[in-house]
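# A look at the structure
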Amino acid sequence: MSNIYKSRKYVFLFLAPAFLFLILYLYYPFFVNIYGSFRGIKNLGTFGTKWNTPWYENYVKLVTDPVVRTSLKNTLIMIVATIIGQVGIALLLAILVDNIEKGTQFFRTVYFFPIVISATALGLLFNLIFLYDKGMLNQFLELFGRTELIDWKGEKLAIMTMMIPVVWQYVGFYFVILQTGLNNISQELYESAAIDGATRFQRVWYISLPLLRNVLCTCLTLGVTGALKVFDLPWTMFPKGMPLKETFLTGTYMYYQTMEAKNVDYGATLAVLIVVLGVLLSRLTRRVFKESEDF
Amino acid sequence: MKLKKLAAVLMTAIMTISLAGCGSSAPEAAAADAPTRTEAPAAEAPAADKTDKTETAAPAETETASGPVEITVTTTFAGEDSNAQNYKDAVAQWEAATGNTVSDTSATSDETFKTRIITDFETGSEPDVLFFFSGADANDFVNAGKVVSIDDIRAEFPEYASNMNDDLIAASPANGVKYAVPVNGYWEAMFVNTAVLDAAGVAMPDAGYTWDQFLADCQKIKDAGFAPIAAALGNIPHYWWEFAIFNQQTPANHLNIPGAADDATGAQWVAGLEDIKDLYERGFFPDNTLSATDDETFAMFTDGKAAFLLDGSWKVGGIVGSCQSDPEDPSTLDTEKLSHFDVTYFPGKGNRKTTDMIGGLSMGYYITTKAWEDPDKRAAAVSFVEHMTSDAVVPLFAQHTASALKNAPAVDESQFNALQVKAMSMMSGVTSLTGAVQDLFNGDCRVSTFDGMPEIVVGNVSAADAVQEGIDVYKDTLE
């Protein structure tokens, strides 16, 4: 009997558009990007007029460029900030909210709200908060008697100033995921533990955290790979790696080289680095944060 | 079963069509349609326009047979630009007279704006009409044939820019052809917050102000607890770059591009950048000059926390706006506050006289090839530029700067505010007006000394290395 479900060709028919889409808009540009990294390109939309001399010039530059090292270092700091700041704080908040009886929905909405605001708008908002003269933070410090202004976006504090809004924005995202995970844990386990005399801390430590392991692994994988893609908020607050190119991330440095410095071929080389880094890190996180089938 | 097969085929077809739709070539389709609509451009509309252009500046009726047209326009008349409101008014006047509409994407002029424009051209999303620099910044899209020359437009619209003195219209450095119809000129000079000077016991600089006097005054101002210079070196070092180099040169050789950092011109550039480094080391810039934006340091200047602001004629409007309780309403101007602002020449050094200034006609209206080849938009774009460059509109924009009009009307100073009058007074003492060499030293050549300025002033990169890097990129561009 002819049956649409038995014939494999229909499966390929349905898969074809998405496959073509990926070929056209992901894999083809990726390979073109690799080709472009060996060419001398000043303008977008062209392959340039000549090969670099030597053809691997950009890759040598990639290794020797101190700003690449800075951006890699900052990206690693961003990953750590994501793990500790975003997932860590989200876990703490989720556990706290899980232990209250009223207002769960309120906190869920409040913590999730920053996610719905565009990162660019948040960047502008935090620019005002961290403003040197008449910024909100410095005005508060003035109220408490401080006479000298603090340059929150200066060389010494720039990285911290950049990380705070990024961490703050995504805490709610992981909070909601972890909260859902906590809700899935059977209340009977907690009740049994309470009858056996377990304290609240012991219940969290011996029940909640082990049973949240898989959800935490998912959050950490999302967080680490997401940290590689952070772009708009840092760029809005610290365009061109201000100050002194100290705040570049791999993504913002690639954008800077491509769009601002008009060094398109070097931007393409940085894009290759980002892809390689993304693939390696996602494999690493998958291995480190491997989900357990015991839970 | 047949129904399921049919549904599967239909869904696949719809998905495929959706994908194809993403990459459809609408421009080609439009081009294919073009011959059937050749009557659309109101080719003679500008002729009607020219008769009343000098009297009322009423724009021509360019509405095509197919109805009102929307053209996209990008200018730098935005933000704190002196002419932002004049631009809005002039556009509204043109829209009311023609029935056409303008989709405006104007933005404040800075390096990001320039990059955006170049990228728009490269990706085929350029506007129909563009107000942009006529120097080397436009080379990429001029070389790509993406804008129409004034001569080509005049072949069809003989009166196009006929009210302009052709000798004053800048030719593109790319090919010597004239594309951009200028509106108003510009000058760059040093704005002064006299309230800060008074508080620091410093006299208002005059036409003989020297670099050494400037350094001494900056020290006094710093000692009095103010920032001597309002500048964001990590954001907009352009004006300091230009004048610091000019100070090592004369108007006769300022537009020379060095062949190497250690040749005569290169050494002047290096010396100029080292002067900026010296100012930084003396602590004459704001504490946050490397992390601040231009807006922040401008606010310091207008709030009476910094004494000197090196900027362009377009900043007059921003300063006046800061003295109004409603920046959109001139009637709310606080004249007392405005009286504390003045403008003077950049301190002279070496063979450059204090009264030698940077200025000229560096920008103008381009009509893009995309608009020109669109039969619906061609006449509208021409009409728009003719209106914006008419004898009635240009003087409103030019104010205290120059214009390229053949019959420029006498300036009515009674309409000027105090700062504009002071600007006119300064301009009357100018001994020379030289273009900015950064307009010839194209985009990416400037990266090592513009974006790299913070690293130069803190000593991470030597001025000589930064200049040489820029020259290497410049030479590479010429190849």
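The written sequence of each chain sets the order in which its residues are numbered from 1. Chain labels run from A onward and ligand labels from 1 onward, assigned in the order the entries are written. For a predicted model such as this one, the threshold for reporting local features is a pLDDT of at least 70, and the threshold for listing and counting side-chain atom pairs is 80 or more; totals across whole chains, interfaces and linings nevertheless cover every residue.

## Regarding the overall build of chain B
Operational definition: Working definition: helices are DSSP H or I runs of at least four residues, strands are E runs of at least two. Numbering for both runs from the N terminus. Partly exposed residues are those whose C-beta has more than 12 but fewer than 20 other C-beta atoms within 10 Å; 20 or more makes a residue buried and 12 or fewer makes it exposed, with C-beta atoms placed from the backbone. Residues are treated as contacting if the C-beta atoms built from their backbones sit within 7 Å of each other.
If you tally the helices and strands in chain B, you get 21 helices and 10 strands. A burial count over chain B gives 51% of its 479 residues as buried. Put simply, 79% of the contacts in chain B that link residues at least 6 apart link residues at least 24 apart.

## Describing the environment of Ala418(B)
All names here are of chain B. With respect to the helices and strands, the residue alanine 418 is situated in helix α18 (residues 418–428). Residue classification places alanine 418 among the partly exposed positions, given that 16 C-beta atoms sit within 10 Å. A sequence separation of 83 residues divides alanine 418 from threonine 335, and the C-alpha atoms of the two residues are 7.9 Å apart. Look past the residues within four positions of alanine 418 in its chain and what remains in contact with it is Thr335, Leu338 and Ser339.

## Let's talk about the pairing of strand β2 (residues 101–104) of chain B
Residue and element names in this part refer to chain B. To keep things clear, this is the line we draw: Pairing between strands is defined by DSSP: at least two bridges between the two strands are required. We call a crossover right-handed when, viewed with the strands running away from us, the connection from the first strand over the helix to the second turns clockwise.
The pairing of strand β1 (residues 70–74) with β2 spans four bridges and is parallel. If you follow threonine 72 over to β2, its bridge partner there is serine 103. One crossover worth recording links β1 to the parallel β2 by way of helix α4 (residues 84–98), and it is right-handed.

## A few points about the pairing of strand β6 (residues 306–312) of chain B
Residues and elements named next belong to chain B. Burial analysis of β6 places seven of its seven residues in the buried class, which makes it a mostly covered element. Bridge analysis of strand β4 (residues 186–193) against β6 gives five bridges, and the strand direction is antiparallel. Of the residues in β6, the one forming a bridge with phenylalanine 191 is leucine 309. Across two bridges, strand β5 (residues 227–229) lies against β6 in parallel orientation. The residue of β6 that forms the bridge with isoleucine 229 is phenylalanine 308.

## So, the domain arrangement of chain B
Residues and elements named next belong to chain B. Rules: Bear in mind that the domain bounds are from an automatic or database domain assignment. Amino acids outside the nonpolar list (Ala, Val, Leu, Ile, Met, Phe, Trp, Tyr, Cys, Pro) and the charged list (Asp, Glu, Lys, Arg) are all regarded as polar, and Gly is one of them.
Domain annotation of chain B identifies domain 1 (42–185 + 361–409) and domain 2 (187–358 + 418–478). Computed from C-alpha coordinates alone, the two centres of domain 1 and domain 2 are separated by 30 Å. Taken together, the contacts link 18 residues of domain 1 with 20 residues of domain 2. Split into classes, the residues belonging to the side of domain 1 that touches domain 2 amount to four nonpolar, eight polar and six charged.

## Describing the packing of helix α12 (residues 250–260) of chain A against helix α13 (residues 264–288) of chain A
All names here are of chain A. Worth spelling out the cut-off: Every axis corresponds to a line fitted to the C-alpha atoms, with the helix fit spanning only the stretch in contact, and the corresponding angles, defined between N-to-C directions, vary from 0 to 180 degrees. Throughout this description, any angle smaller than 35 degrees is read as roughly parallel, any larger than 145 degrees as roughly antiparallel, any in the 65 to 115 degree range as roughly perpendicular, and the remainder as oblique. Left-handed describes a crossing in which the near helix is turned anticlockwise from the far one by less than a right angle; the clockwise case is right-handed.
Where α12 meets α13, the closest approach of the two axes is 7 Å, and the angle between their N-to-C directions is 160 degrees. In this view, α12 runs roughly antiparallel relative to α13, as classed from their interaxial angle. Crossing angle aside, the handedness with which α12 passes α13 is left-handed. Touching Thr250, Gly251, Tyr253, Met254, Gln257 and Thr258 of α12 are Val264, Tyr266, Gly267, Leu270, Ala271, Leu273, Ile274 and Leu277, all from α13. Its residues placed into classes, the contact of α12 with α13 shows nine nonpolar, five polar and no charged.

## What to know about the nonpolar core
Where we set the bar: Residues of type Ala, Val, Leu, Ile, Met, Phe, Trp, Tyr and Cys that are buried and joined through C-beta atoms within 7 Å form what is called a nonpolar core.
Core analysis: the biggest nonpolar cluster contains 124 residues, and Ile229(B), Ala230(B) and Ala306(B) have the highest contact counts within it. At 10 residues, helix α7 (residues 158–183) of chain A tops the list of elements feeding residues into this core. Discounting chain neighbours no more than four positions away, the residues touching Ile229(B) are Cys218(B), Leu279(B), Phe284(B), Phe285(B), Ala306(B) and Phe308(B). Counting residues in hydrophobic clusters, the runner-up holds 53 residues, among them Phe132(B), Val148(B), Tyr179(B) and Val382(B).

## Structural notes on the confidence of the model for chain A
Inclusion rule: For every residue, the predictor reports its confidence as pLDDT, a number between 0 and 100.
Across chain A, the average pLDDT comes to 89, with 97% of residues at or above 70. Helix α2 (residues 57–64) of chain A holds the highest mean pLDDT among the elements of chain A, 95, whereas helix α4 (residues 104–116) of chain A holds the lowest, 87.

## Focus on the packing of α4(A) against α7(A)
Residues and elements named next belong to chain A. In contact at an axis separation of 6 Å, α4 and α7 are set at 130 degrees when each is read in the N-to-C sense. One way to sum up the angle between α4 and α7 is to call them oblique. As for the relative orientation of α4 and α7, their crossing is left-handed in sense. In contact with Arg108, Tyr111, Phe112, Phe113, Pro114 and Ile115 of α4, α7 contributes Trp168, Gln169, Val171, Gly172, Phe173, Phe175, Val176 and Gln179. Each residue belonging to the contact of α4 with α7 can be placed in one class, and the counts come to 10 nonpolar, three polar and one charged.

## Considerations on the interface of chain B and chain A
At the interface, 32 residues of chain B touch 28 residues of chain A. Take the side of chain B that touches chain A: its biggest share by element is seven residues, from helix α1 (residues 2–22) of chain B. The residue inventory of the side of chain B that touches chain A, partitioned by class, reads 11 nonpolar, 10 polar and 11 charged.

## Here we look at the environment of Asp140(B)
Within the secondary structure layout, Asp140(B) lies in helix α6 (residues 139–143). By the C-beta count within 10 Å, which is 21 here, Asp140(B) ends up buried. For the pair Asp140(B) and Ile319(B), spaced 179 residues apart in sequence, the C-alpha to C-alpha distance is 34 Å. Residues contacting Asp140(B), with those up to four places away along its chain left out, are Asn43(A), Ile118(B) and Phe121(B).

## Brief notes about unusual backbone geometry
Note that the residue after Thr53(A), namely Pro54(A), is joined by a cis bond; omega there is -10 degrees. If you trace the backbone, Pro54(A) turns up in the loop between β2 (50–51) and α2. In this structure, the amide linkage connecting Met242(A) to the following residue, Pro243(A), adopts the cis form with an omega of -10 degrees. Within the secondary structure, Pro243(A) is located in the loop between α11 (232–237) and α12. Positive phi, close to 60 degrees, is recorded for Lys245(A), a residue that is not glycine. Within the fold, Lys245(A) resides in the loop between α11 and α12. The phi angle at Ala161(B) is positive, at roughly 55 degrees, despite the residue not being glycine.

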